[in-house]
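# Structural description and commentary
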Amino acid sequence: MPNNGYIATVHPTTAAIEAAVWNSLVPSASGKPDNPFLDHAFFMALEQSGCATARTGWQPQHILLSDAAGTPLGLMPLFLKSHSMGEYVFDHGWANAYEQAGGSYYPKLQCAVPFTPVTAPKLLVPSGHAEIEAALLSAAQQLATQRNASSVHATFVPKSEAELIESDGWLKRLDTQFHWHNQGFSSFDDFLETLSSRKRKTIRRERRDALADGLTVKWLSGSDLQEHHWDAFYDFYEDTGARKWGRPYLNREFFSRLGQTMADRIVLMLAYDGPTPIAGAINFVGSDRIFGRNWGCTRDVPFLHFELCYYQAIDYAIAHKLAVVEAGAQGEHKLARGYAPATTYSVHWIAHPGLRDAIADYLARERASVTREQEVLDTFTPFRKGDRTDR
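Please read these numbers as outputs of a predicted model, since none were measured by experiment.

### Some points on the layout of surface pockets
- Here the second largest pocket defines a volume of roughly 520 Å³.
- Lining the second largest pocket we find 25 residues, and of these Thr119, His179, Arg289, Glu326 and Thr343 sit closest to its centre.
- Broken down by secondary-structure element, the contributors of at least two residues to the lining of the second largest pocket are β11 (171-181), β15 (289-297), β16 (324-329) and β17 (340-350).
- For the lining of the second largest pocket, the element with the most residues is β17, which contributes 5 residues.

Following this line, the structure appears as C-alpha cells:
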C-alpha cells in the first residue's frame, strides 16, 4: 500500500521477511540486535513452534516500509489478534465495555513481542527519520481499517517512542515494573553496601537459606545448553504456568528452537540438588542488560525463587558489567531486593470516537494513579539515602 511516497507491504508470516532484512532494521551492536527479543530468530521460534500464529490468535501482519527502489526503510512487528491474552497490558475492560455497547473490539492489531513484557522499540527505523516513523503509524491505521480492527496497540515501547506516537494522536498508557541498576559494582557485597543494614541482613539470610540444603546453581549458555536442560526447564515452566494461567503460552518446541538459534543470547540458571535440577530461570542477554523471563520449580524451597530470579541475575550483571536487570512484569516484592520502580509505556489508536474518548478519560486518571503509586513505592526502596542513582 502506498504511504507518503513509501511502499508498505504487509507480511502474514515472519518467514516472509528475510532475517538479514529484518535484523538490518533493528538497533544493533556488533552485528546483533541490542534487544534479543527483536531478533528475527526470536519471532521465528514463536512462529515455527506454533506459539504465535493465526491458530493461537496471533496472526502476523508485519509492516515493512520500502522506498520506490525497494530498499527497506522501516519495520513494525504487528499481529492481528482475536483476544487480549499474552500481552501484559490489560485492555479486557475496554473490550467488555465496547462489546456491551454493541461494538466489536476484536479483531485488533497488536504491535508487540508476543508473551514478552520487555521494553523495546516498535518503530524500527534505523535512520530515525520521523517521516518514516509516521508512515509506519499511518500504514498501521490503514491496515486496521482494511482488517475491520477496532484499534492498534503498541505495547512496551521506549518513552521517546511513546511521546512521538502520542503526538500522532494515539493515547498513552503508563505502568510500573521493577529494574535493578548497576552502579559499577565489583561484587554482590558491593551492591549490598548501598542498602540499609536491615535489608542487607535480610538478603544475606535469604541467599543462605535458599541454598542451605546443599543446592548449587549453574549458569548455562551457548553450547553448554543441551536438550536435557530444556526438558528440565520446561517441566518447571509448565508447573508455574499451570498455577498462574491454567495453560502456558509457550510449548516445548519453542525452547528447542531458541537453543538452536539464540543460545548465545540465553542464560539458563538451574538449581541442582546433587545431579538433579529442581528449579530454573531463563534469562536473555542484551547489549547492556539482562532480562529475566520465566521460572519454575518441581520442589518448593524457601527463597529459591528470589535467589534464581533476582540475586543470580544481579550476580550475572555485575560479572558481565551489564547496566540493568529487568525482572519482568509486576512484583512489588522486588523492591526489598534492590529493584526500583521503572515506568513502562504503551500507546493506543482507537478507531471509534466514542470509545476513544472514554478510554482517553480513563487513561488520564490511570496515569495520575500510576505516578502517585510510584512516588509511594519510592519511599519503600531499601537503599540508604543518596545511594539510588537510576533516576
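Still more to cover.
### Quick word on the packing of aromatic side chains
- Applying the stated criterion across every chain yields a total of 27 aromatic pairs.
- Residues phenylalanine 42 and phenylalanine 254 carry aromatic rings whose centres are separated by 5.7 Å and whose planes lie at 90° to one another, so their mutual orientation is edge-to-face. In this pair, phenylalanine 42 is assigned in helix α2 (residues 40-48) and phenylalanine 254 in helix α9 (residues 252-261), connecting sequence segments 212 residues apart. Phenylalanine 254 carries the same exposure label as phenylalanine 42, and that label is buried.
- Ring centres of phenylalanine 188 and phenylalanine 191 lie 5.4 Å apart, and the angle between their planes is 80°; this geometry places the pair in the edge-to-face category. Of this pair, phenylalanine 188 and phenylalanine 191 both sit in helix α6 (residues 188-192), 3 residues apart, roughly one helical turn. As far as burial versus exposure is concerned, phenylalanine 188 and phenylalanine 191 are alike and both buried.
- The rings of Phe37, Phe42, Trp230, Phe233, Tyr234, Tyr237, Phe254, Phe255, Phe284 and Phe291 are connected pair by pair, giving a single aromatic cluster.
- Taking the ring centre of tryptophan 58 as reference, the NZ or CZ of lysine 81 above it sits at 3.8 Å.

### Here's the deal with the side chain of threonine 344
- Along the polypeptide, threonine 344 turns up in strand β17.
- Each residue touching threonine 344, except ones within four places of it in the same chain, is listed here: Thr119, Phe156, Arg173, Leu174, Asp175, Thr176 and Gln177.

### A word on the domain arrangement of the protein
- Per the domain assignment, the segments making up the protein are domain 1 (7-174 + 344-379) and domain 2 (183-322).
- One C-alpha centre belongs to domain 1, the other to domain 2, and the line joining them spans 29 Å.
- Listed by partner, the interface residues are 22 residues for domain 1 and 18 residues for domain 2.
- Taking both sides of the interface into account, the surface hidden between domain 1 and domain 2 amounts to around 1800 Å²; carbon and sulfur atoms contribute 66%.
- Sorting the residues of domain 1 by area buried against domain 2 places Pro36, Ser49 and Phe115 first, and these three jointly supply 25% of that buried surface.
- Between aspartate 264 and lysine 32 there is a salt bridge, and its shortest N-O distance comes to 2.5 Å.
- At the junction of domain 1 and domain 2, the tally comes to 7 residue pairs in polar contact (both at pLDDT 80 or more).
- Elements with a contribution of two residues or more to the side of domain 1 that touches domain 2: β4 (32-33) and α2.
- It is α2 that contributes the most residues to the side of domain 1 that touches domain 2, 5 residues altogether.
- Residues that form the side of domain 1 that touches domain 2 fall into these classes: 14 nonpolar, 5 polar and 3 charged.

### With respect to the pairing of strand β13 (residues 266-273)
- Taking burial as the measure, the 8 residues of β13 include 7 buried ones, the bulk of the element.
- With 5 bridges connecting them, strand β12 (residues 216-220) and β13 associate as antiparallel partners. Bridged to threonine 216 within β13 is tyrosine 272.
- Direction of pairing for β13 relative to strand β14 (residues 276-285): antiparallel, over a ladder of 8 bridges.

### Some remarks on the packing of helix α7 (residues 197-210) against helix α10 (residues 304-319)
- Between α7 and α10, whose axes approach to 10 Å, the crossing angle comes to 115°. With respect to each other, α7 and α10 are oriented roughly perpendicular. Here α7 and α10 pass one another in a crossing that is left-handed. Contact with α7, carried on its side by Ile203, Glu206, Arg207 and Ala210, involves Leu304, Phe306, Glu307, Tyr311, Gln312 and Asp315 of α10 and no other residues of that element.

### Section: the sheet that holds strand β10 (residues 151-157)
- If you walk across this open sheet you meet the 11 strands as β5-β8-β9-β10-β17-β11-β16-β15-β14-β13-β12, and the pairing is mixed. Pairing within the sheet leaves two strands with one partner each, and these edge strands are β5 (58-60) and β12. Each neighbouring strand pair of the sheet contributes to a mean axis angle of 30°, computed without reference to strand direction.
- Note: β10 against β17, 6 bridges, orientation antiparallel.

### Some thoughts on the pattern of salt bridges
- Evaluation of the coordinates by the stated rule reveals 18 salt bridges.
- The salt bridge partner of glutamate 366 is arginine 173, with a shortest N-O separation of 2.8 Å. Of this pair, glutamate 366 sits in helix α11 (residues 353-378) while arginine 173 sits in strand β11, and the two are 193 residues apart along the sequence. Note on accessibility: glutamate 366 and arginine 173 belong to one class, buried.
- Put simply, glutamate 326 and arginine 289 hold a salt bridge, and the shortest N to O gap is 2.8 Å.

Criteria and thresholds
Residues numbered from 1 in each chain as written. Predicted model: local features only at pLDDT ≥ 70, side-chain atom pairs only at ≥ 80, totals over all residues. Heavy atoms only, no water. 1 Å grid on protein atoms, 1.4 Å probe; cavity = no way out; pocket = protein on both sides within 12 Å on 5 of 7 lines; lining within 4 Å. Points joined across faces, edges and corners; volume = space filled by probe spheres on them. Helix = DSSP H or I, 4+ residues; strand = E, 2+ residues; numbered from the N terminus. Phe/Tyr/Trp six-rings, centres within 6.5 Å; stacked < 30°, edge-to-face > 60°. Buried < 20%, exposed > 50% of the residue type's maximum accessible area, 1.4 Å probe, protein only. Lys NZ or Arg CZ within 6 Å of the ring centre and 35° of its normal. Contact = heavy atoms within 4.5 Å. Domains from an automatic or database assignment. Buried area = accessible area lost by both parts, 1.4 Å probe. Salt bridge = Lys/Arg side-chain N within 4 Å of Asp/Glu carboxyl O. Polar contact = N/O pair within 3.5 Å; in protein donor to acceptor, adjacent residues only side chain to side chain. Nonpolar A, V, L, I, M, F, W, Y, C, P; charged D, E, K, R; others polar. Pairing = 2+ DSSP bridges. Axes fitted to C-alpha atoms, helices over the stretch in contact; angles between N-to-C directions. Parallel < 35°, antiparallel > 145°, perpendicular 65-115°, else oblique. Left-handed = near helix turned anticlockwise from the far one by under 90°.

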